[in-house]
Amino acid sequence: MAYYLMNKVVKLTRLALGMTQEELCEGICDVKVLSRSENGRQELKKANFRKLMGRMGRTTEPIYAVCVDRDGRLLEDRENMERAFKRYDYAAAEQYLRRMQENADDNLLTRQYLARAEAVAEYRHKRIGAEEFERRVDQALRMTVPDYEKYVYGTDKVFPFVKEELLGLLSLGNAYMYLEQYEKGKQTYNAILRCLKAEYMLKPDRLTMEITVQDALYHVYDKEGYLEDALQLIEDCIQKSKEIENGHMIAPLLVSKAYNYIWMVRLGGWEESRLEDAKGYLRRAYYIAAARGDARIMDIIINYYIENFGSWSQL
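In this report, we go over the structure that sits alongside the text. (Residues numbered from 1 in each chain as written. Predicted model: local features only at pLDDT ≥ 70, side-chain atom pairs only at ≥ 80, totals over all residues. Heavy atoms only, no water.)

### Regarding helix α3 (residues 31-38)
Part 1 of the reasoning: Looking at α3, one finds that the buried residues are Val33, Leu34, Ser37 and Glu38. With its buried residues spanning 125° around the axis, α3 presents them on a single face.
Part 2 of the reasoning: Looking at the buried side of α3, the elements it contacts are α1 (6-17), α2 (21-25) and α4 (46-55).
Part 3 of the reasoning: Residue Asp30 occupies the N-cap position of α3, its side-chain oxygen lying 2.7 Å from the main-chain nitrogen of Lys32.
Part 4 of the reasoning: Trailing α3 by a residue or two, Gly40 shows a phi angle of about 75°, which is positive. (Buried < 20%, exposed > 50% of the residue type's maximum accessible area, 1.4 Å probe, protein only. Helix = DSSP H or I, 4+ residues; strand = E, 2+ residues; numbered from the N terminus. Arc of directions from axis to C-beta. Contact = heavy atoms within 4.5 Å. Polar contact = N/O pair within 3.5 Å; in protein donor to acceptor, adjacent residues only side chain to side chain.)

### Some details on the nonpolar core
Part 1 of the reasoning: Formed by 105 residues in total, the largest nonpolar core has its most connected members in Val10, Phe161, Leu166, Leu169 and Tyr200.
Part 2 of the reasoning: Element by element, the count of residues in this core is highest for helix α14 (residues 247-266), at ten residues.
Part 3 of the reasoning: The contacts of Phe161, once residues within four sequence positions are left out, are Arg58, Val145, Tyr148, Tyr151, Val152, Leu166, Leu169, Cys195 and Tyr200. (Core = buried A, V, L, I, M, F, W, Y, C linked by side-chain atoms within 4.5 Å.)

### So, the packing of aromatic side chains
Part 1 of the reasoning: Tallied over the full model, the rule gives 15 aromatic pairs.
Part 2 of the reasoning: Between Tyr88 and Tyr90, the ring centres sit 6.4 Å apart and the planes meet at 85°, which makes this aromatic pair edge-to-face.
Part 3 of the reasoning: With a relative accessible area of 42%, Tyr88 lands in the partly exposed category.
Part 4 of the reasoning: The exposure class assigned to Tyr90 is buried, which follows from its relative accessible area of 17%. (Phe/Tyr/Trp six-rings, centres within 6.5 Å; stacked < 30°, edge-to-face > 60°.)

### Focus on helix α16 (residues 295-309)
Part 1 of the reasoning: Taking 1.5 Å as the rise per residue, α16 with 15 residues should run 21 Å; its terminal C-alpha atoms sit 21 Å apart, in good agreement.
Part 2 of the reasoning: Every buried residue of α16 is listed here: Ile297, Met298, Ile301, Ile302, Tyr304, Tyr305, Asn308 and Phe309.
Part 3 of the reasoning: Where α16 is buried, its residues meet α14 and α15 (274-292).
Part 4 of the reasoning: Positive backbone phi, at 105°, marks Gly310, one or two positions downstream of α16. (Expected span 1.5 Å × (residues − 1).)

Right, dumping it as C-alpha cells:
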C-alpha cells in the first residue's frame, strides 16, 4: 500500500478540476484552513480530507487500501502473485490471482486491481491479443476515473492518480507499445512520470514506479534508435534502484546497459574498447542475479554473453 501527502493530493486534484479554493471549501472548512494546508503549513484533518475529496468526485480512504483483509491473506497472495509475474511464472501468478478473486472484498480499487491483473495474465498466456488487452485495461481504469484521458493526454496539469491507477496507466502504455503505437505509449509513460515528479506519493513506492516507467521508456527509445537517451534513462534507473535497495531491478538494468554499449560500438558511435565495459556489466549482472537466486536472469545473461562475446568461460 502506497502512502500519500493529503495536502498535495487535494491541491493537485482541485487544480486539475479547475476549482477555486472557495468552491471546494464551501460548507466544509474555512478557506484559510485549505490555503494553509495546500501550502504545507497546516495538516488537514482526515474528516475534512474525506469531504473535500468527496466533493471532487474522488473516493477517499477505501481507495488507498488495496487487497487488505482482516487476516492479511489477500495481501500475501498479492505479493506472491507480483513476485511470480516478475519471475515470468505466469501459471503461479494466475493461481494466486484466482484465489484473490474468490476472497476479495467489494473495494472499488481492489476490483480494479484484479481486473487489470487478470488482463495481464490473459495476455501473457496468449489467450488475448494486444487490442483486447488495451480494451480491458481501459475499462479497468474507467472504474475509478471515467474520463482519465483528459488528465493524461493534451494537458500539463497533474491529476494525482493513486498507485493502482498509475499501474493501470503503465499497463495501458505497454498495450500501446505492443500495438506499435509508440507515440501514444510515450505520452502515457510521460504522464505517469509527471504525476510521480509531483511527489504526492512517498518513497519508496514513488521511486520504484519511476524505475519501472523509465525502463519502459528505455525500450521505446531503443526501438527508435535514440541510444544515448536510452542510456541516460538506464543510468538514472540504476541510481534510483541503489537508493531504495531495489535489488531485483539492478541485474536486468545492467543487462540493458551492456546491450546499449554493444550497439553504440556496432553503430560506430563508440570505440571497440567499450565492449570490455559491456562485458563487465554482464559479469556484475550475473553475480547479482546469482546472489538473488534468479535463475532466469542468469540464463539470459549467459546466452547474451555467448551470443556477443563467445564462450561463457571468458567470465
